[in-house]
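# Working through the structure, step by step
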Amino acid sequence: MKLITSLTSPYGRKVRIVLHEKRIECQIIVASPWEQSHLVCEHNPLGKVPVLLLDDGKPLYDSRVIVEYLEHVSPVGKLIPADHRQAIRAKRWEALADGILDAATAIMQERKRPAKLQSADAIAHNQGKIERGLRQLSHELGERKWCLGDSFSLADIAVGCLLGYLAFRFSEEDWAAAYPNLAALHERLQERPAFLETVPRDVAALPA
C-alpha cells in the first residue's frame, strides 16, 4: 500500500497515526495538493489528500473511509469498538473533529487570498463553527481520560489531530486555557510515539 499525503494535512496525519498504531507497513508519498495537484488528482478527482493506494492500484479516499478500511486490515490495536453503539460513538467524535477541521482549513484558505479579497463574514462563520465544536468536545469529554472512557480509540486520534492542527496553524488562539480538559488530552496524546512521529512540519509553508 501507498499513502499519498501532505505532512501538514491533519486528515493525512490521522491516517498515518492509525497506520502506526496498527503497525501496518505503508509507503508514504509526500505530495501537496497545491504543488503536485496532477499526482493527487490522478488518484482522487476531488484533488484532496490523503489517498490510499491499495496493492491492486485502486485508490481509497477520504480519511474516514481509509481509516475504516485499515481497521479491518489488521487485528492489531483495535481502534473502533466492536460494539455497534460504541463504534457509532467513536465515529461521531471523528465526524465532529473533522467538521471543526473543515472550518479551520476553510479559514486558512481564506487567509491565503489577498487581504482586500478576504471575506470577514466567511472567516467569522467558520470561527463560530470552531468555537461551538470545541465547546461541545470539551463538554462531552468531561473528566474522562479518553473520549470513550477508559480506552484509547479512533475518537482520540481524530480529536488529537484537530487539536494538533489548531496548535500548528492557530497558535494565537488560546483554546487550551479555555478548555483545560482538551489540553490535558492533547498532552497525553503527545506521549504516544504515533503522535510524536507525525507532528506537522511547515515544510512548504502552505496550509493543508
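Reading the values: the criteria
- Residues numbered from 1 in each chain as written.
- Predicted model: local features only at pLDDT ≥ 70, side-chain atom pairs only at ≥ 80, totals over all residues.
- Heavy atoms only, no water.
- pLDDT = per-residue confidence, 0-100.
- Contact = heavy atoms within 4.5 Å.
- Pairing = 2+ DSSP bridges.
- Helix = DSSP H or I, 4+ residues; strand = E, 2+ residues; numbered from the N terminus.
- Right-handed = clockwise from strand over helix to strand, strands pointing away.
- UniProt positions renumbered as here; feature names shortened; annotations may be inferred.

In this section: the confidence of the model for the protein chain. Parts of the model with low pLDDT should not have their predicted coordinates read in detail. On average, residues of the protein chain score 95 in pLDDT, and 97% of them reach the 70 mark or higher. Of the regions scoring below 50 in pLDDT, residues 204-208 engages in 20 contacts with residues more than four places distant in sequence or in other chains.

Regular strands place side chains that alternate from one sheet face to the opposite one. Where strand β1 (residues 2-5) meets strand β2 (residues 27-30), four bridges bridge the pair, whose relative direction is parallel. In the sheet register, T5 faces β2, and the bridge partner there is V30. Between β1 and its parallel partner β2, the chain crosses via helix α1 (residues 10-21), and the hand of that crossover is right-handed. When β1 meets strand β3 (residues 51-53), the two strands line up antiparallel, connected through three bridges. The residue of β3 that forms the bridge with L3 is L52.

This part takes up the UniProt feature "domain: GST N-terminal" (unreviewed entry) in the protein chain. Feature annotation in UniProt assigns "domain: GST N-terminal" (unreviewed entry) to the following positions: residues 1-78. Helix makes up 38% of residues 1-78 and strand makes up 17%, while its end C-alpha atoms are separated by 20 Å.

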